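# Geometric and topological summary
Next come the chains, spelled out residue by residue.
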Amino acid sequence: MSEQGTGRMTPIGLHRALDAIWRAPKGLAAFSTVNHSVVGRRFIVTAFVFFAIGGLMAMLMRAQLARPQNPFLGPEVYNQLFTLHGTVMMFLFAIPLIEGVALYLLPKLLGARDLAYPRLSAFGYWCYLFGGVAILASFVFGVAPDGGWFMYVPLASKAYSPGINADVWLLGVTFVEVSAICAAVEFVVTVLKVRTGGMALHRMPLMAWYLLITAAMMLVGFPPLILGSVLLEIERAFGWPFFAPDAGGAPLLWQHLFWLFGHPEVYIIFLPAAGVVSTLIPVFARTRIVGYAWIVAAIIALAFLSFGLWVHHMFTTGIPHLALAFFSAASTLVAIPTAVQIFAWTATLLKGRLRLSLPMLYLLGFFSVFIFGGLTGVMLAVVPFDWQVHDTHFVVAHLHYVLIGGFVFPMLAAVYYWLPLMTGRLPVFSVSRTAFWLIFIGFNTTFLVMHFTGLLGMPRRVFTYEAGLGWDVPNLVSSVGGFVMAAGFAVFALDLVLQVRFGRRFRRNPWNGTTLDWAMPTPAPSYNFAALPRVSSRDPLADDPDLGAQLARGDGYLGRVRAGRMETLGVDMATGEPDQIIVLPQNGYLPILTALSLAIFFGCFLFGFYAVSPVGLGLAAVCVWRWLWSMGAKSDGEPEAAGLGLELPLCHSAASPPVWLGLIYFLVANGTFFASLLFGYLFLWTIAPNWPPPRLIEGGTGLAVLTASGFILSALSAGRARALNASAKAGRDLFQALAGTFSVLAGAGLVAILLGAAPPPAGHAYGAATAVLLGYGALHAGLGALFSAYAVARGQAGFVSKVRATDARAPALWHAYTAVCALAGLVFVYGLPLAMGGGA
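### Structural notes on the overall build of the protein chain
Helix and strand counts for the protein chain stand at 24 helices and 6 strands. Over its C-alpha atoms the protein chain spans a radius of gyration of 28 Å, differing by no more than 12% from the 28 Å that the globule rule assigns to 840 residues. Overall, the protein chain is about 85 × 80 × 45 Å in size when its C-alpha atoms are taken along their principal axes. Each of the 840 residues in the protein chain was classed as buried or not, and the buried ones make up 60%. In the protein chain, once contacts between residues fewer than 6 apart in sequence are set aside, the share between residues at least 24 apart is 81%. Surface accessibility of the protein chain: about 30600 Å² in total, with carbon and sulfur atoms responsible for 71%. Charge centroids of the protein chain, computed over 47 positive and 35 negative side chains, lie 9 Å from each other.

### Concerning the packing of aromatic side chains
Evaluation of the coordinates by the stated rule reveals 73 aromatic pairs. Above the ring of Trp660, the side-chain terminus of Arg809 is found at 4.0 Å from the ring centroid.

### A few points about the pattern of salt bridges
Summed over all chains, the structure comprises 18 salt bridges. Of the charged contacts, one joins Asp167 and Arg236 as a salt bridge, the two residues approaching to 2.9 Å between their closest N and O atoms. Placement of Asp167 in helix 5 (residues 165–193) and of Arg236 in helix 6 (residues 206–238) is noted, with a sequence separation of 69 residues between them. The pair formed by Asp167 and Arg236 is uniform in burial state, with each residue classed as buried. Across the pair Asp539 and Arg288 runs a salt bridge whose closest N-O atoms are separated by 3.4 Å. You can see Asp539 sitting in the loop between strand 2 (504–505) and helix 16 (540–543) and its partner Arg288 sitting in the loop between helix 7 (251–285) and helix 8 (292–306), a full 251 residues away along the chain. Relative accessible area serves as the criterion here: at 15%, Asp539 is assigned to the buried category. Classification of Arg288 by relative accessible area gives partly exposed; the value is 40%.

### Section: the packing of helix 20 (residues 658–686) against helix 23 (residues 765–797)
Packing of helix 20 against helix 23 leaves a shortest axis separation of 10 Å and a crossing angle of 160°. What the angle tells us is that helix 20 and helix 23 run roughly antiparallel. By crossing handedness, the relation of helix 20 to helix 23 is classed as left-handed. Contact residues: helix 20 offers Asn670, Phe673, Phe674, Leu677, Leu678, Tyr681, Leu684 and Trp685, while helix 23 offers Ala765, Tyr766, Ala769, Thr770, Val772, Leu773, Tyr776 and His780. A per-class count over the contact of helix 20 with helix 23 returns 13 nonpolar, 3 polar and no charged.

### Some thoughts on the confidence of the model for the protein chain
Looking at the protein chain, the pLDDT average stands at 92 and 98% of residues meet or exceed 70. Overall, residues 1–7 carries pLDDT values under 50, and its contacts beyond four positions in sequence, including any with other chains, amount to 12 contacts.

### Structural notes on unusual backbone geometry
Pro523 follows Thr522 through a cis peptide bond whose omega is -10°. Tracing the backbone shows Pro523 in the loop between strand 2 and helix 16. Here the bond from Trp691 into Pro692 is cis, since omega is 5°, no more than 30 degrees from zero. Inspection of the secondary structure puts Pro692 in the loop between helix 20 and helix 21 (701–723). Positive phi is not limited to glycine here, since Gln69 has a value of about 50°. Here Gln69 lies in the loop between helix 2 (36–65) and helix 3 (75–110). With a phi angle near 60°, Asn512 is a residue other than glycine that sits in the positive phi range. Mapped onto the fold, Asn512 is located in the loop between strand 2 and helix 16. What makes Asn512 exposed here is its relative accessible area of 54%.

### Re the pairing of strand 5 (residues 640–643)
Pairing analysis gives 3 bridges linking strand 5 to strand 6 (residues 646–648), with the strands arranged antiparallel. Pairing of Glu640 across the sheet is with Leu648, part of strand 6. Between strand 5 and strand 6, which follow one another and run antiparallel, lie 2 residues, and Leu644 among them has a positive phi close to 55°.

### What to know about the nonpolar core
Core analysis: the biggest nonpolar cluster contains 275 residues, and Phe93, Trp345, Tyr362, Phe407, Phe409 and Phe492 have the highest contact counts within it. Beyond its immediate sequence surroundings of up to four residues, Phe93 is in contact with Ala47, Phe48, Phe51, Val88, Phe407 and Val408.

### Concerning helix 6
Helix length check: helix 6, at 33 residues, gives a terminal C-alpha distance of 48 Å against a target of 48 Å (1.5 Å per residue), a fit within 8%. Along its length, helix 6 reaches its greatest deviation from straightness, about 30°, at Met218. By the criterion of burial, helix 6 is predominantly enclosed, with 28 of the 33 residues buried. Directly beyond the C-terminal end of helix 6, a positive phi value near 75° is found at Gly239.

### Points about a nonpolar patch on the surface
A contiguous nonpolar surface patch, about 560 Å² in accessible area, is contributed by Ile600, Phe607, Phe609, Val612, Val615 and Leu619. Inspection of the secondary structure assignment puts Phe609 in the loop between helix 18 (590–606) and helix 19 (613–629). Phe609 sits in the partly exposed class, given a relative accessible area of 49%.

### Some words on the side chain of Ser306
Relative to the elements of secondary structure, Ser306 occurs in helix 8. Within polar-contact distance, the side chain of Ser306 engages the backbone oxygen of Ala303 at 2.8 Å. Apart from residues no more than four positions distant in its own chain, Ser306 is found in contact with Met217, His263, Pro264 and Tyr267.

Thresholds, definitions, all that
- Residues numbered from 1 in each chain as written.
- Predicted model: local features only at pLDDT ≥ 70, side-chain atom pairs only at ≥ 80, totals over all residues.
- Heavy atoms only, no water.
- Helix = DSSP H or I, 4+ residues; strand = E, 2+ residues; numbered from the N terminus.
- Rg over C-alpha atoms; globule rule 2.2 N^0.38 Å.
- Buried < 20%, exposed > 50% of the residue type's maximum accessible area, 1.4 Å probe, protein only.
- Contact = heavy atoms within 4.5 Å.
- Areas by Shrake-Rupley, 256 points an atom, 1.4 Å probe, with all protein chains shown as cover.
- Lys, Arg positive; Asp, Glu negative; His and termini not counted.
- Charge placed at Lys NZ, Arg CZ, Asp CG, Glu CD.
- Phe/Tyr/Trp six-rings, centres within 6.5 Å; stacked < 30°, edge-to-face > 60°.
- Lys NZ or Arg CZ within 6 Å of the ring centre and 35° of its normal.
- Salt bridge = Lys/Arg side-chain N within 4 Å of Asp/Glu carboxyl O.
- Axes fitted to C-alpha atoms, helices over the stretch in contact; angles between N-to-C directions.
- Parallel < 35°, antiparallel > 145°, perpendicular 65-115°, else oblique.
- Left-handed = near helix turned anticlockwise from the far one by under 90°.
- Nonpolar A, V, L, I, M, F, W, Y, C, P; charged D, E, K, R; others polar.
- pLDDT = per-residue confidence, 0-100.
- Pairing = 2+ DSSP bridges.
- Core = buried A, V, L, I, M, F, W, Y, C linked by side-chain atoms within 4.5 Å.
- Expected span 1.5 Å × (residues − 1).
- Bend = angle between axes of the 7 residues up to and from the residue.
- Patch = residues over 30% accessible without salt bridge, like charges linked within 9 Å, V, L, I, M, F, W, Y side chains within 5 Å.
- Polar contact = N/O pair within 3.5 Å; in protein donor to acceptor, adjacent residues only side chain to side chain.

Below, the structure is given as structure tokens:
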């Protein structure tokens, strides 16, 4: 298979050798697959299956509301349906579909062969699947959540939801959110580090920018919801009153934590869809995007502004008027970066020559629907108007105009644009256009009329209504429109089947796209590129239409097979210059085994087997230990040829390997969780009723000082172990052991404070919040001890050297983070009573 006299593989031989390494196994071994294309397709297909189930639930509700006093559904079933419908669409469809599209596309757009952490992606999928199936299975067994997809307390508290219905939502959604955090870390590190040579930040495709900002928002936006779910589940399981006002809790705390997630969530859903629009419009307008830099600035501004809008959903909760004015102004201001993007898209369309292909038809539908939804959003940002229509069908209509118009229409365009990359076939256009018009007409018939139903005063979340209120005809029209829209989605699904089976074949790049995703054969091979390109602009295929053929011949980076390894490039985050060869993991069962271990934990907690639930966490810890142990190398190695005359070190010996960056961004999400916990602690102190508590923390000051000293010593010891190189192996391991020992002692000190000085957590929200705050530090201290033990074991096994220093750097970072959080917790616990005058 080698070209005679050169030692270089022929193109056919190269492709066969790469496919033998990268292709997904068949049969039961398919459960071990970590390839990003396979995992991405699994996410996409599973999300659309959940979408179909959520749509069926919507049709059942529309059938119930089609006429007054309809006996079709009872209130219990209706409550479960509207709760599950919202939960499915928000948590099991929208975000996972974004994850799936990003998993599949990002390496192709960035000129890479896979993502930074293929096993993490696979693990995230199994968490998503297990959590989603558990949530939907609850409906079959009659214990589905019925408190709304927002789970407001006290309705979701034990007193008003005594069964496991609410627990299904809290634990299932938290399980799914584990997947989202994994995806966020994956995408941030991949976009910043796993690109092809020459792709500096200012040369990245806009879709990569959108997904980078979306992932960063997920890192910061999802932890408040996870915290809220954890606190509410603890309250339901053990009676710790975080949200019970008679015991010092505050129901509004749940709303704050939920909407700290919920409003950024709207933009987390919108931004990837907007990325699709920014990617497709230049292709079908046959020109380059107008205002690239302005669009990037706009999405960054939108990301920052979205975190200042959460009270937008709480205008009727009685918050102070000054806060109302601030959040109303912020809610209006967010229209500016959105308008910048719309103007850029419009200017691109005017500059170019539009081709009205099928994906463009869906984008035109997006424009008309989303702009109307944006206008009603500005209306709802005005406090007096929001007071009038809050919790009416007007808000339901606005939500669907924004989410379906702003997300579903662009994602349907994305399906038609990129499905040929998966299948090598083009759609059957006559069927495709029929699906579009049924969806578009049915959608507007359903939700445009619903605005007027809301203005007439019909409240949301009611299962029936009296005749003669003026709601009869609008509800019937909305129901008819809903079934027309459902028929459109059914035709859309049929069209996809027809395309996969009978669509017209083509050779390459049917849309004349200019990004790297169309520089590969179709269907896309398992390894994406036979060689990775060197790029010099944002539109490499416009610069060199023959680029795909060059890469297929192996002309580029890593255009060879070496030692059966799965390799891609790592680059400098800013300049895009290659700085390492990333060796990716092979297929394995650890991702699904780790997810199954967490499923055991969540399942035991759901059914009240609290004493057994730590078994699941223990199994997960064993899997993670084995997972991490399989990484790294026992020798520094020499730089290896990367192609185009470049020699690079392997990632194990690089200064900034992906595993190091992953820990940093995981701690960003973890830090947001802790910051939300501090926010909740302060909120209860300052806002909650029935304060001061019966008693404050009593004594233990000396123990607190010793505990703080222990955390400081653990951080200093881990830092010293990091500073020692391979020539001081014994000293390095000694300081790692000291770091672990101090961490254990400090964690034990926090537990001793909780048991001896703090009030009981079940008696008042003060004791409960204090227990969680100090328990957070104790948990991280225990994990820090495991980190240090792992580092010592790795050092003894030969995985650590002066160059291969990640196993020493990671515990130092963890211990430093734990020390900061533990000290902040102690300052809050002991300082707030003094600052508040002893709680009075």
